[in-house]
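Tertiary structure, described
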Amino acid sequence: MTDDELIAAVRDYAAGKNLPDPALPADIAAFEHIAGHAMPHLLKRIYLEASNGGFGPWEAVSLTDTGDWFSDCEDIAMAYREFADPARGLPPGLVPLMDRGCAMWALTDFTTADGQMWDSDPNLCCKEHALAPLGQSLAEWLADWLHGAIPDGSYPHRELAAKDCPAG
């Protein structure tokens with residue numbers, strides 16, 4: 001799917017679910033300042049053209065407090081600050097996007113132009129190895145969701161960050 005097709009599909013989804021109105025450019029700029037990285041272009045367009053949160057398989061966290069919380073966090077800045085805690089060891093530029101429940105999150109890498117997707121699942125292995133790349137761009141990941149291919153549980157193609165994890 002092209003970016004335009006993805007955005008149109010997310011926009012249709014948002015309209016059908018009565019999700020928040022699109023975010024403002026100032027909301028994007030404010031969060032990019034907090035994250036220290038530019039938001040991947042597709043994600044920026046979705047927030048600006050489709051909805052300020054609630055889209056995706058586990059409902060993307062809003063850029064601002066819209067009154068509709070899509071996780072235990074009121075907005076993406078709160079989620080990012082919680083994840084950016086040095087004790088979590090989150091690499092710079094990884095931003096929590098969707099709360100999967102039970103301490104599991106889908107994250108987007110703001111240091112990559114295509115927004116590579118990551119999974120954080122401390123229940124799958126251990127806290128030290130909870131974070132792992134999915135090997136998919138945001139576009140590929142959203143296209144899978146729109147085609148019904150995002151699983152309810154662990155990602156079948158997820159690789160453990162460390163294959164030698166004793167809990168894996």
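In what follows, the structure referred to is the one given above.
So, here's what we can say about the structure. (Residues numbered from 1 in each chain as written. Predicted model: local features only at pLDDT ≥ 70, side-chain atom pairs only at ≥ 80, totals over all residues. Heavy atoms only, no water.)

1. Observations concerning the packing of aromatic side chains
Under the defined criterion, the tally for this structure stands at 4 aromatic pairs. An angle of 80° between the planes, with centres 4.9 Å apart, marks the rings of Tyr13 and Trp145 as edge-to-face. Residue Tyr13 is located in helix α1 (residues 3-17), and its partner Trp145 is located in helix α5 (residues 138-146); the two are separated by 132 residues in the primary sequence. Ring geometry for Phe31 versus Tyr80: centroids 5.8 Å apart, planes at 90°, classification edge-to-face. In this pair, Phe31 sits in helix α2 (residues 25-35) while Tyr80 sits in helix α4 (residues 76-83), placing the two residues 49 residues apart along the sequence. What makes Tyr80 buried here is its relative accessible area of 12%. Ring pairing ties together the aromatic residues Phe31, Tyr80 and Phe110, which thus form one cluster. (Phe/Tyr/Trp six-rings, centres within 6.5 Å; stacked < 30°, edge-to-face > 60°. Helix = DSSP H or I, 4+ residues; strand = E, 2+ residues; numbered from the N terminus. Buried < 20%, exposed > 50% of the residue type's maximum accessible area, 1.4 Å probe, protein only.)

2. Points about α2
Helical periodicity: at 3.6 residues per turn, an α-helix aligns residues three or four positions apart in one direction. All of the buried residues along α2 are Asp27, Ile28, Phe31, Glu32 and Ala35. Seen along its axis, α2 keeps its buried residues to an arc of 130°; they face one direction. Counted as exposed and oriented over 90 degrees from the buried face of α2: Pro25, Ala26 and His33. Gly36 occupies a position one or two residues after α2 and carries a positive phi of about 75°. (Arc of directions from axis to C-beta.)

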